[in-house]
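# Remarks on the overall topology
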Amino acid sequence: MSFTGLPPEAVPALMTGDIAEHSAEKGRAEAYLPSPCIQNHAANLAFLPDGTLTCVWFGGTMEGMGDISIYMSRLATGAAGWSQPEKMSDDPAKSEQNPLVFNAPDGRVWLLYTSQTSGNQDGSIVKCRISEDGGKTFGEVRVLCDIPGTFVRQPIIVNRTGTWLLPVFRCIGLPGERWTGDVDTAGVLISRDAGKSWVMTEVPDSIGAVHMNIVPIDGDNLVAFYRNRFAESVLSSRSSDGGTHWSAPRPIDLPNNNSSIQATRLENGMIAMVYNHSNASTSDARRQSLYDEIEGDEETKVAPVQTSERRKAVWGVPRAPLSLALSGDGGVSFPRHVDLDTGDGYCLSNNSKDSVNREFSYPSIIQGADGVVHVAYTYYRRAIKYVRLSADAIA
């Protein structure tokens, strides 16, 4: 059975978690993760210490609403399908988004996510739960970072000296205006005491560079890739001191549509990135902001202000195709890419209830010890789609 090209309304019936071989591509298998939610978005994959593959995402009625919570599903070693999801957060006053799982060197498993009111990303903070039993159960919710506007998306990296690097982006609010992402910047939360305390360091000249994704190269050398708020190209910067200091983000040879990307270093040394091969030059589709369909609360309803001359974040560029690119030179260039899913990628609405959205977005990629590559991503904002690619298929 091939799942490619299904209409949005057909997806819920297939959200069983069962994995099926792709009918046309050898070495590829697919599944739709089970979920009780109308909308499902922002998947992240991680292995637990016992080899179980986990996927976390957020679900509810619509991104930014108070019923948006974090969910986790598991794929045990040798299992034929994904487990029924566990609800990992439940604050009815907050939209809880962008989860990630981190396996700490001390054996603990961390779940991190953001928490905000309505569509006000400039008020977001980062929360976490910690597991002491390898990810079977998680402890109470605690605040990891209370700096307003701090958002996470990409995994924590442990550098050569044992320092933890949590890439973040800063959602900056401007006086008299509701957040639209125009002046967001990148940073890294650094912990040298195994997560007991964190210090924020800013990435220089990073306006518009978000979703910082750190990939170790060798020794103290690291490369980072970024989503581009202005929907031009994927951005990249580098660190030669283990992640304490970073160069200013610069464009590379991949387009970006102001949607998330994720990259990982494969066992053969190549860097694999999953992303949308599109940008603002490929479409004139536009929307005002991410939260056009959500009213702000009373505190954020403000008087109009004079329009400034700053660059504006670009929203609404189609989120398709969903593509995989490979780099053999440490992320300097990505000369080859293939499409994993294709369609029109319509994303001028976040409405999942009426099956309006048709995006493929927010991918996650990870390689197992057996060389198999696992990818998960948003499918029409109705489901999280999982794709398993054999080492031969990647080659």
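Scroll up to find the structure.
Residues numbered from 1 in each chain as written. Predicted model: local features only at pLDDT ≥ 70, side-chain atom pairs only at ≥ 80, totals over all residues. Heavy atoms only, no water.

One finds Leu324, Val375 and Tyr379 to be the most contacted residues of the largest nonpolar core, which totals 23 residues. Secondary-structure elements contributing two or more residues to this core are strand 21 (271-276), strand 22 (322-327), strand 24 (360-367), strand 25 (373-379) and strand 26 (383-389). In terms of residues, this core owes the most to one element, strand 25, which gives four residues. When near neighbours in sequence (up to four residues on either side) are disregarded, Leu324 contacts Ala272, Met273, Val274, Tyr275, Arg336, His337, Val338, Leu340, Ile365, Leu389 and Ile394. (Core = buried A, V, L, I, M, F, W, Y, C linked by side-chain atoms within 4.5 Å. Buried < 20%, exposed > 50% of the residue type's maximum accessible area, 1.4 Å probe, protein only. Helix = DSSP H or I, 4+ residues; strand = E, 2+ residues; numbered from the N terminus. Contact = heavy atoms within 4.5 Å.)

Attention now goes to the layout of surface pockets. Its boundaries defined by the atoms lining it, the largest pocket holds a volume of some 580 Å³. When residues of the lining of the largest pocket are traced back to their parent elements, those giving at least two are strand 3 (39-47), strand 7 (95-103), strand 16 (209-218), strand 20 (262-265) and strand 24. Of the residues that constitute the lining of the largest pocket, the class distribution is 15 nonpolar, six polar and one charged. (1 Å grid on protein atoms, 1.4 Å probe; cavity = no way out; pocket = protein on both sides within 12 Å on 5 of 7 lines; lining within 4 Å. Points joined across faces, edges and corners; volume = space filled by probe spheres on them. Nonpolar A, V, L, I, M, F, W, Y, C, P; charged D, E, K, R; others polar.)

Take the pattern of salt bridges next. The tally for this structure, following the rule as stated, stands at 22 salt bridges. A salt bridge links Arg310 to Glu177; its shortest N-O distance comes to 2.6 Å. Highlighted residues: Arg310 in the loop between strand 21 and strand 22 and Glu177 in the loop between strand 13 (164-170) and strand 14 (185-191), separated in sequence by 133 residues. Judged by relative accessible area, which is 21%, Arg310 ranks as partly exposed. (Salt bridge = Lys/Arg side-chain N within 4 Å of Asp/Glu carboxyl O.)

The next thing to look at is empty space enclosed by the protein. In the structure shown here, the tally under the stated rule is three cavities of 30 Å³ or more. The volume enclosed by the largest cavity comes to roughly 70 Å³. Around the second largest cavity, the lining is made up of 13 residues, and of these Gln121, Phe169, His211, Arg227 and Tyr362 lie nearest the centre. A class-by-class count of the residues in the lining of the second largest cavity yields six nonpolar, four polar and three charged.

This part is about the sheet that holds strand 10 (residues 142-145). Whenever strands of a sheet pair, they do so through backbone hydrogen bonds, lying parallel or antiparallel. One open sheet holds the four strands; their spatial order is 7-8-9-10, and the pairing between them is antiparallel. Both edges of this open sheet fall to strand 7 and strand 10, since each of them pairs with a single strand only. Each strand axis lies, on average, 35 degrees off the axis of its neighbour in the sheet, ignoring direction. (Pairing = 2+ DSSP bridges. Axes fitted to C-alpha atoms, helices over the stretch in contact; angles between N-to-C directions.)

The next point concerns the pairing of strand 26. Here strand 26 lies mainly inside the structure; six of its seven residues are buried. Relative to strand 26, strand 2 (residues 28-32) runs antiparallel, the two being bridged by five bridges. Bridge pairing in strand 26 places Ala31 opposite Tyr386. Relative to strand 26, strand 25 is paired through seven bridges, and the arrangement is antiparallel.

Right, let's get into the side chain of Gln116. With respect to the element layout, Gln116 can be found in strand 8 (residues 109-116). Polar side-chain contacts of Gln116 include one of 3.4 Å to the side chain of Tyr291. Every residue in contact with Gln116, bar those within four places of it in the chain, is listed here: Gly64, Ala93, Lys94, Ser95, Gln97, Gln121, Ser124, Phe151 and Tyr291. (Polar contact = N/O pair within 3.5 Å; in protein donor to acceptor, adjacent residues only side chain to side chain.)

Quick look at unusual backbone geometry now. Omega for the bond connecting Ala320 with Pro321 falls within 30 degrees of zero, at -5 degrees, which places this linkage in the cis form. Topologically, Pro321 is positioned in the loop between strand 21 and strand 22. For Ser355, which is not glycine, the phi torsion reads 55 degrees and is therefore positive. In this fold, Ser355 is placed in the loop between strand 23 (336-341) and strand 24. Ser355 gets classed as buried once you look at its relative accessible area, which sits at 16%. Although it is not a glycine, Arg381 sits at a positive phi angle of roughly 55 degrees. Relative to the helices and strands, Arg381 resides in the loop between strand 25 and strand 26.

It is worth spelling out the state of the cysteines at this point. Simply put, disulfide is the name for a covalent bond between the sulfur atoms of two cysteines. Taken as a whole and assessed by the stated rule, the structure comprises zero disulfides. Of all cysteine sulfurs in the structure, the one in Cys55 sits closest to Cys37, which takes part in no disulfide; the separation is 13 Å. (Disulfide = S-S within 2.5 Å.)

No statement about biological role is implied by the geometric values presented.
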